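Remarks on the overall topology
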Amino acid sequence: MPLSMSGMPLTKFLLQEQRKHADSSGSFTSLFSDIIVAAKLISRAVNKAGLIDILGAAGGKNVQGEEVQKLDEFANTAMLHTMELSSFVLGMASEEMDDIVKMGGPHSRGNYLILFDPLDGSSNIDVNISVGTIFSILKTPNGHDGVTEKDFLRPGVEQVCAGYVLYGSSTMFVYTTGNGVHGFTLDPSVGEFLLSHENIRMPERGKIYSINEGNSAYWYDGTAKYIEKLKSNGSGYSARYVGSLVADFHRNLLKGGVFLYPADKKSKKGKLRLLYEANPLSFIVEQAGGMSSTGDNRVMEIVPEELHQRVPLIIGSKADVQEAVGCWRAAQ
Ligand code: AHM
Ligand code: MG
């Protein structure tokens, strides 16, 4: 085994991980390979996004005469179709769909549920700013005996895997199965995600805060006091806010810092979705040594009540999140 596995293809890395579990049936690795296919399809479409209007100028049809889809619809369909072709998923839930999709017929071999936000930050597509796909994987509690919505309403601590794909200046795939966080960069010339960030550890404290300050009129005191503290003389913090959660999160994961979409007087529950955004990123951040909280509770311990539940989110470097949570609680 080489000391550094840098450059190893993601598929090979997964097989190597699978071998560590003698009882593994390989169904998780196969499911994961299907997610990689969807990621590549979406990445290709995102890279062509600026050309879609040009290619599809004739009445919303492209040169093949097909209807041109909006990119978030395309991403959702790409995830759905790829998972339907996979025999390892028994149900799906998407931020883009009201209800769960049940799957699995007589040939189904897996017992996984997948939850995803197919294209997060999609308001940024039109202006060529990074967007991402976020996913979370659970195991079905009842095996093949009929999946229901209730099976998806499980706390984040039960996730067996979480990850995201960032469509940025390059496309990156970052994931955890509870054994650290690993990042892979798509090499377009060979069409493979190659290991570029092995065992990512988040700095204990950063110098970046990410929050939509346009909402400050609605902030509760705890948020206002925390941000004021960060902006006070000599603190050295910089504000960085892309408005695409995956991009903001990924930057802070590598450089250290804190992202906040807190509860405020307008959106009492925050904006972000527990099952598609907050839980998967919380699993990743904790695995990288960071922290995630609503201000009141650890995000991954919340028992979801509904599929599209929103949740306040304070996520990032441990010392930063602890400080933000301290300000939040002191103001209650
Ligand atoms: P979306 O899932 O509809 O794209 O919304 C989620 C996005 C996140 O990517 C981002 O962090 C947030 O919304 C930005 O919201 P705002 O524009 O209110 O700051
Ligand atoms: Mg989203």
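Scroll up a little and you will see the structure.
Described below are features of the structure shown in this document. Values in this document were obtained by computation on a predicted structure and should not be read as measured data.

1. Quick look at the coordination of the magnesium ion (ligand 2)
Within the first shell, the magnesium ion (ligand 2) binds the protein through Asp117 (OD), Asp120 (OD) and Glu277 (OE), at distances of 1.9 to 2.1 Å. In the primary sequence, the donor residues of the magnesium ion (ligand 2) line up as D-x2-D-x156-E. Note that Asp117 is positioned in strand 3 (residues 112-120) and Glu277 in helix 7 (residues 274-287), a separation of 160 residues in sequence. Owing to a relative accessible area of 1%, Asp117 belongs among the buried residues under this scheme. Taking relative accessible area as the criterion, Glu277 reaches 4% and is therefore assigned buried.

2. Points about the sheet that holds strand 5 (residues 161-167)
Spatial ordering of the open sheet is given by 2-1-3-4-5-6-7-8, a layout of 8 strands whose pairing is mixed. The outermost strands of the open sheet, each flanked by one partner alone, are strand 2 (101-102) and strand 8 (192-197). Both strand 5 and strand 6 (residues 171-176) contribute to a ladder of 6 bridges, which runs antiparallel. Each bridged residue has a counterpart across the sheet, and for Leu166 the counterpart in strand 6 is Met172.

3. Remarks on the packing of aromatic side chains
Here a ring pair, both rings aromatic, is described through the centre-centre distance and the interplanar angle of the planes. Throughout the structure, instances matching the rule amount to 12 aromatic pairs. Between Tyr164 and Phe249 the ring centres are 5.8 Å apart and the planes differ by 85 degrees, which places this aromatic pair in the edge-to-face class. You can see Tyr164 sitting in strand 5 and its partner Phe249 sitting in helix 6 (residues 245-255), a full 85 residues away along the chain. Residue Tyr164 shares its accessibility class with Phe249, and that shared class is buried. Arranged with centres 6.0 Å apart and planes meeting at 75 degrees, the rings of Tyr220 and Trp328 form a pair that is edge-to-face. With Tyr220 in the loop between strand 9 (208-210) and helix 5 (221-231) and Trp328 in helix 8 (residues 318-330), this pair connects stretches of sequence that are 108 residues apart. Members of the aromatic cluster, connected to one another through ring pairs, are Phe13, Phe28, Phe32, Tyr112, Phe135, Phe173, Tyr175, Phe184 and Phe193.

4. Details of the sheet that holds strand 12 (residues 291-293)
Taken in spatial order, the 5 strands line up as 10-9-11-13-12 in an open sheet, and their pairing is mixed. Of all strands in the sheet, those with a lone pairing partner are strand 10 (238-239) and strand 12, marking the two edges. Direction of pairing for strand 9 relative to strand 10: parallel, over a ladder of 2 bridges. Note that in strand 10 the partner of Tyr209 across the bridge is Ala239. Across the sheet, helix 7 lies against strand 12 and strand 13 (313-316), angled at about 30 degrees from strand 13, the strand it touches most.

Conventions and cut-offs
Residues numbered from 1 in each chain as written. Chains lettered and ligands numbered in written order. Predicted model: local features only at pLDDT ≥ 70, side-chain atom pairs only at ≥ 80, totals over all residues. Heavy atoms only, no water. Donors = N, O, S within 2.8 Å, 3.2 Å for Na, K, Ca; no water. Helix = DSSP H or I, 4+ residues; strand = E, 2+ residues; numbered from the N terminus. Buried < 20%, exposed > 50% of the residue type's maximum accessible area, 1.4 Å probe, protein only. Pairing = 2+ DSSP bridges. Phe/Tyr/Trp six-rings, centres within 6.5 Å; stacked < 30°, edge-to-face > 60°. Contact = heavy atoms within 4.5 Å. Axes fitted to C-alpha atoms, helices over the stretch in contact; angles between N-to-C directions.

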